[in-house]
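Observations on the model geometry
In case you want the letters, here they are:
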Amino acid sequence: MTKQEWKNTALWVLMAEAVGAFSGWLSRKGMALYAAQIEKPPLSPPGVVFPVVWAVLYALMGFGASVIDRAPAGEARDRALRIYRVQLGVNFFWSLIFFNLQWYGFAFLWLALLWALVFGMIRRFGQASLGAARLQWPYLVWLTFAAYLNLGVWVLN
């Protein structure tokens with residue numbers, strides 16, 4: 001990669017990480033309450049796992065988006081980046097809905113929307129770059145697990 005391509009990649013990764021960090025910061029009080037008072041379903045990982053996993057997933061999202069951004073201009077690239085931005089926005093609000101508002105049922109529906117958007121993003125990424133699409137599969141797998149956890153919290157609480 002050229003120096004300019006590295007800068008482009010760093011910018012996309014930093015933007016994705018910033019979205020996640022800001023959402024986490026806004027949700028920090030709700031997360032503390034969740035950790036202390038909410039009954040969690042079986043297989044719930046320790047709290048320390050979540051920021052580590054999300055940091056990796058945001059980096060993969062940003063790296064994938066940078067690959068798409070460097071793809072030849074055209075409708076496939078534009079659609080892929082559009083759905084990327086939309087899913088990132090939906091991702092941002094899930095933590096606020098789940099942790100701060102404690103609307104667990106609505107958060108589950110919001111997560112289902114996010115899952116569908118990410119699946120669509122993977123398909124769009126695949127039209128521009130198969131490698132960028134493959135980088136998003138861990139994100140979809142984690143969202144599937146998160147849906148299980150979200151549903152479990154809704155049922156238990």
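Structure shown above.
Brief notes about the environment of G74
With respect to the helices, strands and loops of the structure, G74 is situated in the loop between α3 (49-69) and α4 (75-100). For G74, a relative accessible area of 27% gives the class partly exposed.

Section: the pattern of salt bridges
Summed over the entire model, instances satisfying the criterion amount to two salt bridges. Residue R79 is joined to E75 by a salt bridge in which the shortest nitrogen-to-oxygen separation is 3.0 Å. Placement of both R79 and E75 in helix α4 is noted, with a separation of four residues, approximately one turn of the helix.

Observations regarding helix α1 (residues 3-26)
Spanning 24 residues, α1 covers 34 Å between terminal C-alpha atoms, matching the ideal 34 Å at 1.5 Å per step. Regarding α1, the residues found buried are N8, T9, W12, V13, A16, G20 and S23. On its buried face, α1 sits against α3 and α4.

A word on the side chain of N150
With respect to the helices, strands and loops of the structure, N150 is situated in helix α7 (residues 137-156). Within polar-contact distance, the side chain of N150 engages the side chain of W94 at 3.1 Å.

Observations regarding the packing of α3 against α4
Packing of α3 against α4 leaves a shortest axis separation of 9 Å and a crossing angle of 160°. Relative to α4, the element α3 lies roughly antiparallel. Crossing of α3 over α4 shows left-handed handedness. Contact with α3, carried on its side by W54, Y58, M61, G62, A65, I68 and D69, involves R77, A80, L81, Y84, Q87, L88 and N91 of α4 and no other residues of that element. For the contact of α3 with α4, the per-class residue count stands at nine nonpolar, three polar and two charged.

So, how was this worked out
- Residues numbered from 1 in each chain as written.
- Predicted model: local features only at pLDDT ≥ 70, side-chain atom pairs only at ≥ 80, totals over all residues.
- Heavy atoms only, no water.
- Helix = DSSP H or I, 4+ residues; strand = E, 2+ residues; numbered from the N terminus.
- Buried < 20%, exposed > 50% of the residue type's maximum accessible area, 1.4 Å probe, protein only.
- Salt bridge = Lys/Arg side-chain N within 4 Å of Asp/Glu carboxyl O.
- Expected span 1.5 Å × (residues − 1).
- Contact = heavy atoms within 4.5 Å.
- Polar contact = N/O pair within 3.5 Å; in protein donor to acceptor, adjacent residues only side chain to side chain.
- Axes fitted to C-alpha atoms, helices over the stretch in contact; angles between N-to-C directions.
- Parallel < 35°, antiparallel > 145°, perpendicular 65-115°, else oblique.
- Left-handed = near helix turned anticlockwise from the far one by under 90°.
- Nonpolar A, V, L, I, M, F, W, Y, C, P; charged D, E, K, R; others polar.

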